[in-house]
Amino acid sequence: MAFEGLSERLQKAFSGLRRKGKVTEADVRDSMREIRLALLEADVNFGVVKEFVKNVREKAVGTEVLDSLSPAQQIIKIVNDELTATMGDAAVPLNKAPHIPTVIMMAGLQGAGKTTTVGKLAKRLIEQEKARPLLIAADVYRPAAIDQLQVVGEQVGAQVFALGTDVDPREIVRQGLAQAQLQHNDYVLIDTAGRLQIDEKLMTELADIKALAEPNEILLVVDAMTGQAATDVAKGFDERLDITGVVLTKLDGDTRGGAALSIRKVTGKPIKFVGQGEKMEALDVFYPDRMANRILG
Ligand code: GDP
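Along each chain, the written sequence defines residue order, and numbers are assigned to residues from 1. At least 70 in pLDDT is required for a residue's local features to be given in this predicted model, at least 80 for side-chain atom pairs to be given and counted, and no such filter applies to totals for whole chains, interfaces and linings, which use all residues. Side-chain measures were taken over the full set of non-hydrogen atoms in the model, leaving aside hydrogen atoms and water.

1. Overview of the overall build of the protein chain
So, point 1. Only DSSP runs of H or I reaching four residues or more are called helices, and only runs of E reaching two or more are called strands; each is numbered from the N terminus. In terms of regular secondary structure, the protein chain is built from 12 helices and eight strands.
So, point 2. In terms of C-alpha radius of gyration, the protein chain reaches 21 Å, essentially the compact-globule figure of 19 Å for 297 residues.
So, point 3. Taking all 297 residues of the protein chain together, the buried fraction comes to 53%.
So, point 4. For accessible areas, the Shrake-Rupley method is used with a probe of radius 1.4 Å. Any residue's cover is judged against the shown protein chains and nothing else. Accessible surface for the protein chain amounts to roughly 13400 Å². Of this, 50% is attributable to carbon and sulfur atoms.
So, point 5. Neither His nor the chain ends contribute to the count of charged residues, in which Lys and Arg are positive and Asp and Glu negative. To locate a charge, take NZ of a lysine, CZ of an arginine, CG of an aspartate or CD of a glutamate. Looking at charge distribution, the protein chain has the averaged site of its 38 positive side-chain charges lying 4 Å from that of its 42 negative ones. For the radius of gyration, the atom set is restricted to C-alpha positions; the globular benchmark scales as 2.2 Å times the number of residues to the power 0.38. Partly exposed describes any residue whose relative accessible area lies between the buried limit of under 20% and the exposed limit of over 50%, with all areas from a 1.4 Å probe on protein chains only and scaled to the type maximum.

In structure tokens, the structure reads:
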């Protein structure tokens, strides 16, 4: 289960406080030490942990908290609020173009869940906005990526624009956008190539696609199961592409929580959606407060 270890460790840190009628600064220090370890063990970025603990400590040692009737409860609330703030406070909606089509470019490493997320997002837009998205198959390197996009397109009822694997992805995007203009599609979702790791060729290709497609959203798809590595990937892509948001996938797995808790602070970019399964309906808007509640159990 996602966040299981982190939830347990945090509950343990609080149970020490809960048992006490009167909480002292030393008790707060002890629980802060445990919270710090819990976050580090969950693979949260070191700088993020440091800031987190500092903020919570500053708020928790105030006399009003320690002298109150329920200091433990108040400290839990402070931790909850800080978790929420660390993940970005409020949900951030998709950027929309003033004139159709809104262009959404997906980027990410191979296997992160890009193609699946394109299908999920198309389904969401079709169901919630009665949209007519065009999906552009610009991942020409991974075997079967185009077929996979055709399959998900069919599943969710979205048209797929593909030119096979022998055409340059920039050309595919150019022609796909032209077709979307002709057809008055309201959304264009571009499935781009990934690699096993960030490399120059991939980044140049993505930067070129960005320049020609002028996307309203560049969503970076990252695998939550990869923890700290997901945070590094997000930083690398953001430095090169100036992404507008993140989709965190595989939150139905037993991710420790590091990616969810680090990405916003490290990149400054919001997590907009989370993937919670392989099925097309398993995409949810990311609500930092709900995620904080889930972490605190
Ligand atoms: P791409 O290489 O980035 O396009 O990745 P794919 O879309 O092909 O996804 C790679 C694998 O991850 C596939 O087996 C997907 O079914 C799976 N996957 C994608 N998103 C999720 C998710 O949110 N949860 C789970 N459990 N699996 C996912």
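Having put the structure on the table, let's press on.
2. Re the pairing of strand β5 (residues 217–223)
So, point 1. Counting buried positions over the seven residues of β5 gives seven, a clear majority of the element.
So, point 2. Here β5 shows no split at all, with Glu-217, Leu-219, Val-221 and Asp-223 on one side and Ile-218, Leu-220 and Val-222 on the other all buried.
So, point 3. By the bridge criterion, five bridges tie β5 to strand β6 (residues 245–249) in an arrangement that is parallel. Its bridge partner lying in β6, Val-222 is registered against Leu-248.
So, point 4. Here is how to tell: hold the view so the strands point away, follow the path from the first strand over the helix to the second, and if it runs clockwise the crossover is right-handed. With respect to chirality, the unit in which β5 leads through helix α10 (residues 228–241) into the neighbouring parallel β6 is right-handed. At least two bridges found by DSSP between two strands are what make those strands a pair.

3. Describing the site of the ligand
So, point 1. Neighbouring residues are identified by heavy atoms, a residue being near a molecule or strand if any of them is within 4 Å of it. In the vicinity of the ligand, 18 residues are found, and the nearest of them are Gly-111, Lys-114, Thr-116, Asp-252 and Glu-278.
So, point 2. Contacts to the ligand include Ala-112, whose backbone N or O atom sits 3.3 Å from an oxygen atom.
So, point 3. As used in this structure description, the phrase polar contact means that two N or O atoms lie within 3.5 Å; if the pair is within protein, one of them must be able to donate a hydrogen and the other to accept it, and residues adjacent in sequence are counted only when both atoms belong to side chains. Between the ligand and Gly-275 there is a distance of 3.2 Å, counted from an oxygen atom to a backbone nitrogen or oxygen.
So, point 4. The leading source of residues in the shell around the ligand is helix α6 (residues 114–129), at four residues.

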